[in-house]
Amino acid sequence: MIVDDFRSDTVTRPDEGMRAAMAAAEVGDAVYDDCPTTKRLESMTAERLGKESALFFPTGTQANLAGLMAHCGRGEEYLVGQMAHTYRLEGGGAAVLGSIQPQPLPNEADGTIALDAIANAIKPNDFHFAMTRLLALENTFNGQVLPDSYLEAATGLARARGLSTHLDGARLMNAAAASNRDAAWIAGQFDTVSLCLSKGLGAPVGSILVGPKDFIEKARRIRKMLGGGMRQTGVIAAAAIYALEHNVTRLSEDHRRAAKLAEVLARFPELGTGPSRTNMVFMSPKTLDTAAFAAFLRERGIAVSGRYGTLRWVTHLDVDDDAVARVAEACERFFDGKQAPAAMKAQA
Ligand SMILES: Cc1ncc(COP(=O)(O)O)c(C=O)c1O
């Protein structure tokens, strides 16, 4: 049984308060725009992020996809980081379902895309090329907060060249907490933003897309087409409202705990220690068999994401200081000289 789950901040379970809010939710048919709780969630999120309008989606993937499709028509293009979630981890939906041509660009080590790479990738208005319509950024990016000055410069460049801008802000609230910025300031740099409620904020399901009113109405039509027109969503919207009211200010606790975890893990150089970034710690061990290490921890009730040779630890609502202490203890056992050699790969 997993006791301490560090794989992702998506694994949180609704607590009693959230479940009570869900049970008490007033509901109606949200496709008819008749669900008071969903409407309240949408209007409070739009207000909080300084946008005209908002729309509730089942997932971040669908909120991003509807956003991309509302920005770009068939055969048009969006500029995106090579390692960005919308390009790399959403099943190619923009191309497959939106007929949008992605123009992936290298992500720098800090998660940004170089400004000259953006400028050079914008196609001339010539019938040989797809029309470049949109720049999409992600913040936080693998836990990293994009610098304020970069957000201003990149979105300013896009605007000056006639492009729209979208932020995959799945963890926007983490970025705001870590940079001491109002989330509305970050959202204000972009035309549209998606925000995920089921990651660090702890709701069981849901994402929100915010932007201008006419844009959100376009996205509503696309959401229906994508199968995201849900009915009595008040039950899950109530969880999302609870998350926004109770779980935003506590995100800095997750960031503090990730920093502590990074400090604890740094005692084991075989792990190829990396620094914490908001609520995440990434490590790329050189000689360690990460699968064997993850399996060893798993036997002790600790889950960590160990795919493709990288270890990713994520802190969230459901891991506390004792969980970090249990990780330290398990690592000590693993590296005590007995288990470690068996799990070390022969060096190339
Ligand atoms: C940065 C980012 N964007 C978007 C998503 C998609 O969210 P969902 O899993 O709700 O589709 C994720 C999910 O992990 C994410 O990390």
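Keep in mind the model is a prediction, meaning the values are calculated, not measured.

1. Quick look at the site of the ligand
At step 1: With respect to spatial proximity, the complete set of residues near the ligand consists of Thr59, Gly60, Thr61, Asn64, His85, Glu90, Glu138, Asp168, Ala170, Arg171 and Lys199.
At step 2: Contacts to the ligand include Thr61, whose side-chain N or O atom sits 2.6 Å from an oxygen atom.
At step 3: Within the side chain of Arg171, one N or O atom sits 2.9 Å away from an oxygen atom of the ligand.
At step 4: Contact with the protein chains hides 79% of the accessible area of the ligand, taken as 390 Å² for the molecule alone.

2. Describing the sheet that holds strand S4 (residues 101-105)
At step 1: Across the sheet, seven strands lie side by side as S2-S8-S7-S6-S5-S3-S4; this open sheet has mixed pairing. Since the sheet does not close on itself, it has two edges, and those belong to strand S2 (53-57) and S4, each with one partner. Within this sheet the neighbouring strands show an average axis-to-axis angle of 20°, counted without direction.
At step 2: Relative to strand S8 (residues 207-211), strand S7 (residues 192-196) runs antiparallel, the two being bridged by four bridges. Paired with Cys196 across the bridge in S8 is Ser207.
At step 3: Of the strands in this sheet, S2, strand S3 (77-81), strand S5 (132-138), strand S6 (164-169), S7 and S8 are in contact with helix H3 (residues 60-71), which crosses S6 at around 180°.
At step 4: Lying on the sheet, helix H10 (residues 213-225) is in contact with S2, S7 and S8; it crosses S2 at an angle near 20°.

3. Here we look at the packing of helix H12 (residues 251-265) against helix H14 (residues 321-334)
At step 1: Where H12 contacts H14, the two axes come as close as 10 Å, and the packing angle between them is 15°. Classified by the interaxial angle, the pair formed by H12 and H14 is roughly parallel. Read as a crossing pair, H12 and H14 show a hand that is right-handed. Where H12 abuts H14, its residues Arg256, Arg257, Lys260, Leu261, Val264 and Leu265 lie against Asp321, Val324, Val327, Ala328 and Cys331.
At step 2: Of the residues contributing to the contact of H12 with H14, the split by class is seven nonpolar, no polar and four charged.

4. Regarding helix H11 (residues 234-246)
At step 1: Compared with an ideal rise of 1.5 Å per residue, which puts 13 residues at 18 Å, H11 spans 18 Å between its outermost C-alpha atoms and is within 8% of the ideal.
At step 2: For H11, the buried fraction is high: ten of the 13 residues fall into the buried class.
At step 3: Listed as buried for H11 are Gly234, Ile236, Ala237, Ala238, Ala239, Ala240, Ile241, Tyr242, Ala243 and Leu244.
At step 4: Packed against the buried residues of H11 are helix H1 (16-23), helix H2 (36-48), S2, helix H8 (172-179) and S7.

5. Focus: unusual backbone geometry
Comment: phi is negative for the bulk of residues other than glycine, and the bulk of peptide bonds are trans.
At step 1: The linkage connecting Asn139 with the following residue, Thr140, adopts the cis geometry, with an omega of 0°.
At step 2: Note that Thr140 resides in the loop between S5 and helix H7 (148-160).
At step 3: A positive phi is found at Asp33, a non-glycine position, where the angle reads about 60°.
At step 4: The class for Asp33 is partly exposed, based on a relative accessible area of 31%.
At step 5: The residue Asn180 is not glycine, and still its phi comes out positive at about 55°.

6. Describing the side chain of His255
At step 1: Within the secondary structure, His255 is located in helix H12.
At step 2: A relative accessible area of 12% means that His255 is categorised as buried.
At step 3: His255 has contacts with Asn174, Ala177, Ala178, Thr278 and Asn279, leaving out every residue within four places of it along the chain.

Conventions used here
- Residues numbered from 1 in each chain as written.
- Predicted model: local features only at pLDDT ≥ 70, side-chain atom pairs only at ≥ 80, totals over all residues.
- Heavy atoms only, no water.
- Near = heavy atom within 4 Å.
- Polar contact = N/O pair within 3.5 Å; in protein donor to acceptor, adjacent residues only side chain to side chain.
- Areas by Shrake-Rupley, 256 points an atom, 1.4 Å probe, with all protein chains shown as cover.
- Pairing = 2+ DSSP bridges.
- Helix = DSSP H or I, 4+ residues; strand = E, 2+ residues; numbered from the N terminus.
- Axes fitted to C-alpha atoms, helices over the stretch in contact; angles between N-to-C directions.
- Contact = heavy atoms within 4.5 Å.
- Parallel < 35°, antiparallel > 145°, perpendicular 65-115°, else oblique.
- Left-handed = near helix turned anticlockwise from the far one by under 90°.
- Nonpolar A, V, L, I, M, F, W, Y, C, P; charged D, E, K, R; others polar.
- Expected span 1.5 Å × (residues − 1).
- Buried < 20%, exposed > 50% of the residue type's maximum accessible area, 1.4 Å probe, protein only.

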